[in-house]
Amino acid sequence: MSTQHQDHLDRLSSQYLDLAAQRLGGAVLYATDDFFAEKENLIKPGRGIFIPDKYTDRGKWMDGWESRRRRDTGHDWAVVRLATQGRIRGFDIDTNHFLGNHPPFASIDAIHLRANEQITEWDKLPWREILPRSPLAPGSQNPYLCADEGIYNHVRLHIYPDGGVARLRVYGEVSVDWKALPEDREVDLAAAIHGARALGCSDMFFSKMSNLLMPGRGINMGDGWETRRSRDKGHTDWVIIRLATAGQINRIVLDTAHFKGNYPDRCIVEACFSEDDAAVLNGDVAWHALTSEVKLEPDTEHEISCPGDQVVTHARLTIIPDGGVSRLRLFGKPARS
């Protein structure tokens, strides 16, 4: 991969959410052909694995989407429903482990469809091309930026003419019409699916801070945020979350699912208001406590009430002294102005 492509990939994966991710609710709805490997693999976690001696009754088992060899002038394509609507900032078309069978080129279209719209002829829709036909390298991540400013909830990946793609990542910014929500609607302001982001933390040696914001309960101990063991007296670890939108937090759910011998002993949650992420990370803001020190238990969902009397944009979870947390939910009401 070139330095420029690596820079693109680093920027996309660090700054934006994968809007197509299966774990967030993305789905592959249609493919012209998936004879060798199922279309649903496109949006699974990870880059895909390779098992040398694994075969099916149709040929070599592959962890991706793979169509049969075309003998006509057409090409294959697949439709992905994004987990949530958003502005798309780029893609990673990953051909990991597809070497003699990768497509040489790909392009991507997008469209915004009404909820519950029943589609039978995907090729008849007014798709908009947002990534022109572009080269793909074999066995590689192929990142591309997107300059289109539209809001979309479906994409169509074209491969030319056929072959296999391990994963498709559609990086972007969640778009929510907060004013359209009922005024009394409680929302998880820390949910990734609503646009929240984990900005920084003191340590994430064992697992990523971004897991805190994923939907559902953690599936195992690796599906959470876990820091290394501290050896210094008075040590604490912390993570800072930028909320999906400014709002008032009145209820916190902190889940230590699967963390039994390594959960934090206690925690504190604080919040602040700032329009500058850098200032928050640099400590140039005034934090105020949403909770006092809370005693935590292993493998437990902890419900914590808080005042909800101030509009805030960021939250900081401090765990004492270290350990693992599966999920953090910050429920409240979005600010109306």
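Now for a description of the structure that goes with this document.

So, how was this worked out
Residues numbered from 1 in each chain as written. Predicted model: local features only at pLDDT ≥ 70, side-chain atom pairs only at ≥ 80, totals over all residues. Heavy atoms only, no water. Helix = DSSP H or I, 4+ residues; strand = E, 2+ residues; numbered from the N terminus. Buried < 20%, exposed > 50% of the residue type's maximum accessible area, 1.4 Å probe, protein only. Areas by Shrake-Rupley, 256 points an atom, 1.4 Å probe, with all protein chains shown as cover. Lys, Arg positive; Asp, Glu negative; His and termini not counted. Charge placed at Lys NZ, Arg CZ, Asp CG, Glu CD. Pairing = 2+ DSSP bridges. Phe/Tyr/Trp six-rings, centres within 6.5 Å; stacked < 30°, edge-to-face > 60°. Polar contact = N/O pair within 3.5 Å; in protein donor to acceptor, adjacent residues only side chain to side chain. Contact = heavy atoms within 4.5 Å. Salt bridge = Lys/Arg side-chain N within 4 Å of Asp/Glu carboxyl O. Expected span 1.5 Å × (residues − 1). Arc of directions from axis to C-beta.

Here we look at the overall build of the protein chain
So, step 1. When helices and strands are tallied, the protein chain shows two helices and 23 strands.
So, step 2. Over its C-alpha atoms, taken along the principal directions, the protein chain stretches across nearly 70 × 45 × 35 Å.
So, step 3. Relative to its 337 residues, the protein chain shows a buried fraction of 52%.
So, step 4. Put simply, the protein chain shows about 16,300 Å² of open surface, and 47% of that area lies on carbon and sulfur atoms.
So, step 5. Measuring between centres, the 41 positive side-chain charges of the protein chain sit 3 Å from its 48 negative side-chain charges.

Topic: the pairing of strand E20 (residues 301-305)
So, step 1. Residues of E20 alternate between two faces, with His 302 and Ile 304 buried on one and Glu 301, Glu 303 and Ser 305 left unburied on the opposite face.
So, step 2. Sheet analysis places strand E16 (residues 237-255) next to E20, joined by five bridges and oriented antiparallel. Each residue of the ladder has a partner; that of Val 253, found in E20, is Glu 303.

Structural notes on the packing of aromatic side chains
So, step 1. Inspection of the entire model under this criterion finds three aromatic pairs.
So, step 2. Summarising the aromatic geometry, the rings of Tyr 30 and Trp 77 are spaced 5.3 Å apart at their centres and angled 45 degrees between planes, so their arrangement reads as tilted. With Tyr 30 in strand E2 (residues 27-31) and Trp 77 in strand E6 (residues 76-94), the pair connects residues that are 47 residues apart, well separated along the chain.
So, step 3. Accessibility expressed as a relative area gives 10% for Trp 77, which makes it buried.
So, step 4. Summarising the aromatic geometry, the rings of Phe 205 and Phe 206 are spaced 4.9 Å apart at their centres and angled 80 degrees between planes, so their arrangement reads as edge-to-face.

As for the environment of Asp 284
So, step 1. Along the chain, the position of Asp 284 falls in the loop between helix H2 (277-282) and strand E18 (288-289).
So, step 2. Overall, Asp 284 belongs to the exposed group, its relative accessible area being 58%.
So, step 3. For the pair Asp 284 and Ile 219, spaced 65 residues apart in sequence, the C-alpha separation works out to 36 Å.

Remarks on the side chain of Lys 39
So, step 1. Here Lys 39 lies in the loop between E2 and strand E3 (55-56).
So, step 2. Here Glu 40 takes part through its side chain, which lies 2.9 Å from a polar atom of the side chain of Lys 39.
So, step 3. Not counting residues within four places of it along the chain, the set of residues in contact with Lys 39 comprises Val 28, Leu 29, Tyr 30, Ala 31, Asp 34 and Trp 65.

Looking at the pattern of salt bridges
So, step 1. Tallied over the entire structure, the rule returns 25 salt bridges.
So, step 2. Arg 87 is paired through a salt bridge with Glu 149; the nearest N and O atoms lie 3.9 Å apart. With a gap of 62 residues between them, Arg 87 in strand E6 and Glu 149 in the loop between strand E9 (141-145) and strand E10 (151-160) connect regions that are remote in the sequence.
So, step 3. Arg 266 is the partner of Asp 265 in a salt bridge, and the nearest nitrogen-oxygen pair spans 2.7 Å.
So, step 4. Take Arg 266: its relative accessible area is 27%, and that puts it in the partly exposed class.

Some words on helix H1 (residues 3-15)
So, step 1. The end-to-end C-alpha separation of H1 is 18 Å, in line with the 18 Å expected for 13 residues at 1.5 Å each.
So, step 2. Every buried residue of H1 is accounted for by His 8, Leu 9 and Leu 12. Buried residues of H1, seen end-on, are gathered within an arc of 95 degrees and therefore sit on one face of the element.
So, step 3. The elements touched by buried residues of H1 are E6, E9 and strand E12 (167-174).

Observations concerning unusual backbone geometry
So, step 1. Geometrically, the link from Tyr 160 to Pro 161 is a cis peptide bond, its omega value of -10 degrees lying close to zero.
So, step 2. Counting through the fold element by element, Pro 161 comes out in the loop between E10 and strand E11 (164-165).
So, step 3. Of note, the amide linkage connecting Ile 320 to Pro 321 takes the cis form, showing an omega dihedral of -5 degrees.
So, step 4. In this model, Asn 116 sits at a positive phi of 65 degrees, which is unusual for a non-glycine residue.
So, step 5. Residue classification places Asn 116 among the exposed positions, given a relative accessible area of 72%.
So, step 6. The phi dihedral of His 258 is positive, around 75 degrees, even though this residue is not glycine.
So, step 7. Positionally, His 258 belongs in the loop between E16 and strand E17 (266-272).
So, step 8. Assessed through its relative accessible area of 30%, His 258 is described here as partly exposed.

Considerations on the side chain of Ser 175
So, step 1. If you trace the backbone, Ser 175 turns up in the loop between E12 and strand E13 (187-188).
So, step 2. On the basis of relative accessibility, which here comes to 14%, the residue Ser 175 falls in the buried class.
So, step 3. Sequence-distant contacts of Ser 175, that is, excluding residues within four places in its chain, are made with Gln 85, Gly 86, Arg 87 and Ile 151.

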